[in-house]
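Listed below are the residues making up each chain.
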Amino acid sequence: MTRDIRQTASGDRKHVLVTGANGFQGGAVARRLAAEGHAVRGLVRDRAKAAALPAGVTPVDGDLADADALRAAFEGVTHAVVALPLEYDPGTVTRYAGNIAEAAHRAGVRRLVFNANTPVPDEPTPYAGFETRRLAERILLAGPVPVAVVRPPVYLENLFSPWNGPALVDHGVLTYPLPADRKVAWMSHADLARVAARALDDDVPTGRAWPVGGAEPLTGPELAAVFARVLGREVSYLPLEVRVFEEALGRALTPGTAAGVAGVYHYAASSRAPGLLAPRPADTESVFGVRLTPVAEWIRAQPWGDRAW
């Protein structure tokens with residue numbers, strides 16, 4: 001059974017802290033929770049960026065590296081949805097996760113959802129993008145606060161961006177650093193928000209990680225065919241070499257951050273764990289009681305002609 005956005009009864013009202021609420025993913029989560037009638041705080045490290053918070057979300061100062069400030073931000077919070085920034089140093093991630101666990105415990109948080117922001121393979125890998133998230137999961141799950149971990153694959157919003165949107169609209173080329181035959185359950189930020197909000201409810205089991213994804217596992221050419229049908233033009237899929245992707249990312253971010261992000265795609269491009277990015281949609285819908293958005297529906301909702309990216 002799916003649950004639409006509704007005004008929460010006062011007895012069900014949660015006081016939720018959301019990290020990264022001035023960004024795309026955390027913002028979608030905070031917006032969803034506020035629309036459901038919960039009291040939502042958005043953790044901001046830079047108060048100047050508080051204006052980017054969704055309507056109805058209260059800014060609260062804090063930094064994952066500052067244990068004292070984080071404890072203050074968690075005061076009065078009953079639930080939390082947290083994610084880590086693009087940080088892939090094990091020591092830093094250990095400190096962040098430990099500070100979150102300790103602050104949540106001191107505040108008496110009843111349930112915490114950790115968005116790992118990536119699938120995590122069963123086997124150890126040489127890639128910090130996976131292993132630092134595995135480390136954070138381990139720390140949070142070992143703490144006294146009930147924790148549900150969600151592991152999304154790849155976001156549809158990555159395609160509606162300055163890196164992909166122009167090529168799609170101008171040239172009918174969909175390019176991404178994944179092999180053409182790799183199935184991916186592309187997930188929207190709105191669907192992530194639905195899943196995270198539901199994971200805060202008591203009927204969703206804690207103490208484990210849940211692979212989650214979108215409504216349709218598609219190969220690159222299959223995804224291009226959906227775009228072609230909706231946009232009414234020919235669209236072809238062009239696999240991008242991960243090395244080229246990493247080099248381009250390194251010009252916008254630090255080399256360490258680029259390597260952390262690209263490691264996920266290096267692994268996905270290999271023959272190992274071919275289903276890593278394609279969790280079963282029925283499992284996500286069953287566990288979390290949500291309706292996942294079909295890819296065509298998501299494409300139709302984007303203002304491609306407005307050059308909004």
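Look up: the structure comes first, before these words.
The numbering scheme is per chain: residues are counted from 1 as the chain's sequence reads. Thresholds applied to this predicted model are a pLDDT of at least 70 for local features of residues and 80 or more for the giving and counting of side-chain atom pairs; totals over whole chains, interfaces and linings are not thresholded and use all residues. The side-chain values count all of the structure's non-hydrogen atoms but skip hydrogen atoms and water molecules.

A. Looking closely at the overall build of the protein. Labels follow the DSSP assignment, with helices taken as runs of H or I lasting at least four residues and strands as runs of E lasting at least two, numbered in each case from the N terminus. Counting its regular elements, the protein contains eleven helices and eleven strands. In this description the radius of gyration comes from C-alpha coordinates, and the expected globular size is given by 2.2 Å times residues to the power 0.38. Over its C-alpha atoms the protein spans a radius of gyration of 19 Å, differing by no more than 12% from the 19 Å that the globule rule assigns to 309 residues. Across its three principal axes, the protein shows a C-alpha extent of roughly 55 × 40 × 40 Å. Here the term buried applies to any residue with accessible area under 20% of the maximum for its type, exposed to any over 50%, and partly exposed to those in between, with areas from a 1.4 Å probe on protein chains only. Looking at the protein as a whole, 50% of its 309 residues qualify as buried. Residues are treated as being in contact if the distance between any of their heavy atoms lies within 4.5 Å. A fraction of 75% describes how many contacts in the protein between residues 6 or more apart in sequence connect residues 24 or more apart.

B. Fine view of the sheet that holds strand E1 (residues 15–19). Taking strand neighbours across the sheet as the criterion, the seven strands line up as E3-E2-E1-E4-E5-E6-E9 in an open arrangement whose pairing is parallel. The open sheet is flanked by strand E3 (57–61) and strand E9 (208–211), the only strands paired with a single partner. Pairs of neighbouring strands in the sheet enclose a mean axial angle of 25 degrees, with direction left out of account. Here four bridges tie strand E6 (residues 147–151) to E9, and the two strands are oriented parallel to one another. Considered in E9, the bridge of valine 150 is made with tryptophan 210. To get an axis, fit a line to the C-alpha atoms, keeping to the stretch in contact for a helix; angles then go from 0 to 180 degrees between the N-to-C directions. Helix-sheet contacts for helix H2 (residues 67–74) involve E1, strand E2 (39–44), E3 and strand E4 (79–83), and the interaxial angle to E2 is about 165 degrees. What makes two strands pair is DSSP finding at least two bridges between them.

C. Highlighting the packing of H2 against helix H3 (residues 90–107). Viewed as axis vectors pointing N to C, H2 and H3 meet at an angle of 40 degrees, and their least axial separation amounts to 9 Å. Here H2 lies oblique to H3, going by the angle between them. Remark: the crossing between H2 and H3 carries right-handed chirality. Note on element contacts: H3 touches H2 through Asn99, Ile100, Glu102, Ala103, Ala104, Arg106 and Ala107, opposite Ala67, Leu70, Arg71 and Phe74. Between 65 and 115 degrees an angle is taken as roughly perpendicular, under 35 as roughly parallel, over 145 as roughly antiparallel, and anywhere else as oblique. Here is the rule for handedness: rotate from the far helix to the near one, and if that takes an anticlockwise turn smaller than a right angle the crossing is left-handed, while a clockwise turn gives right-handed.

D. Representation of the pattern of salt bridges within the structure. For this analysis, a salt bridge means a side-chain nitrogen from Lys or Arg found within 4 Å of a carboxyl oxygen belonging to Asp or Glu. Evaluation of the coordinates by the stated rule reveals 16 salt bridges. The partner of glutamate 36 in a salt bridge is arginine 32, and the shortest N-O contact between them spans 3.1 Å. Per residue, the accessibility class of glutamate 36 equals that of arginine 32, and both read buried. Across the pair arginine 194 and aspartate 191 runs a salt bridge whose closest N-O atoms are separated by 2.3 Å. Taken as a pair, arginine 194 and aspartate 191 lie in helix H6 (residues 189–199) at a separation of three residues, close to a single helical turn. Given the relative accessible area of 1%, aspartate 191 is considered buried. A single salt-bridge network, built from bridges that share partners, covers Lys14, Arg198, Asp201 and Asp203.

E. Quick look at unusual backbone geometry. One non-glycine residue with positive phi stands out, namely asparagine 117, at about 65 degrees. Within the fold, asparagine 117 resides in the loop between strand E5 (111–115) and helix H4 (128–141). With a relative accessible area of 27%, asparagine 117 lands in the partly exposed category. In this structure, alanine 273 is a non-glycine residue whose phi angle is positive, near 45 degrees. Positionally, alanine 273 belongs in the loop between helix H9 (255–268) and helix H10 (281–288).

F. Main features of H3. Its 18 residues give H3 an end-to-end C-alpha distance of 26 Å, which sits within 8% of 26 Å, the value for a rise of 1.5 Å per residue. Within H3, the full set of buried residues consists of Thr92, Val93, Tyr96, Ala97, Asn99, Ile100, Ala101, Ala103 and Ala104. Buried residues along H3 sit against H2, E4, E5 and H4. To estimate the expected span of a helix, count its residues, drop one, and scale the result by 1.5 Å.

G. View of the nonpolar core. Formed by 33 residues in total, the largest nonpolar core has its most connected members in Leu174 and Phe227. Of all the elements in the fold, those that place two or more residues in this core are strand E7 (173–176), helix H7 (220–231), helix H8 (242–252), H9 and helix H11 (295–301). In this view, phenylalanine 227 contacts Leu159, Leu168, Leu174, Gly232, Val235, Trp298, Ile299 and Trp304; residues no more than four positions away in its chain are not counted. In this structure, Val150, Met187, Val195 and Ala197 belong to the second largest nonpolar core, which totals 31 residues. Throughout, nonpolar core names a set of buried Ala, Val, Leu, Ile, Met, Phe, Trp, Tyr and Cys residues whose side chains join them through atoms within 4.5 Å.

H. Representation of the pairing of E1 within the structure. Among the five residues in E1, four count as buried, and that is most of the element. Relative to E2, E1 is paired through five bridges, and the arrangement is parallel. Within E2, the position partnered with histidine 15 by the bridge is alanine 39. In the classification by handedness, the crossover that spans E1, the intervening helix H1 (residues 24–35) and the parallel E2 is right-handed. By the criterion used throughout, a crossover qualifies as right-handed when its path from the first strand across the helix to the second strand runs clockwise, the strands pointing away from the viewer.

I. A look at the packing of H6 against H10. It is the contact of H6 with H10, at a shortest axis distance of 10 Å, that shows an interaxial angle of 40 degrees. One finds that H6 runs oblique with respect to H10. Of the residues in H10, those in contact with Val195, Arg198 and Ala199 of H6 are Thr284, Val287 and Phe288. Three classes are used, and their members are as follows: Ala, Val, Leu, Ile, Met, Phe, Trp, Tyr, Cys and Pro are nonpolar, Asp, Glu, Lys and Arg are charged, and the others, Gly among them, are polar. Looking at the contact of H6 with H10 residue by residue, the classes come out as four nonpolar, one polar and one charged.

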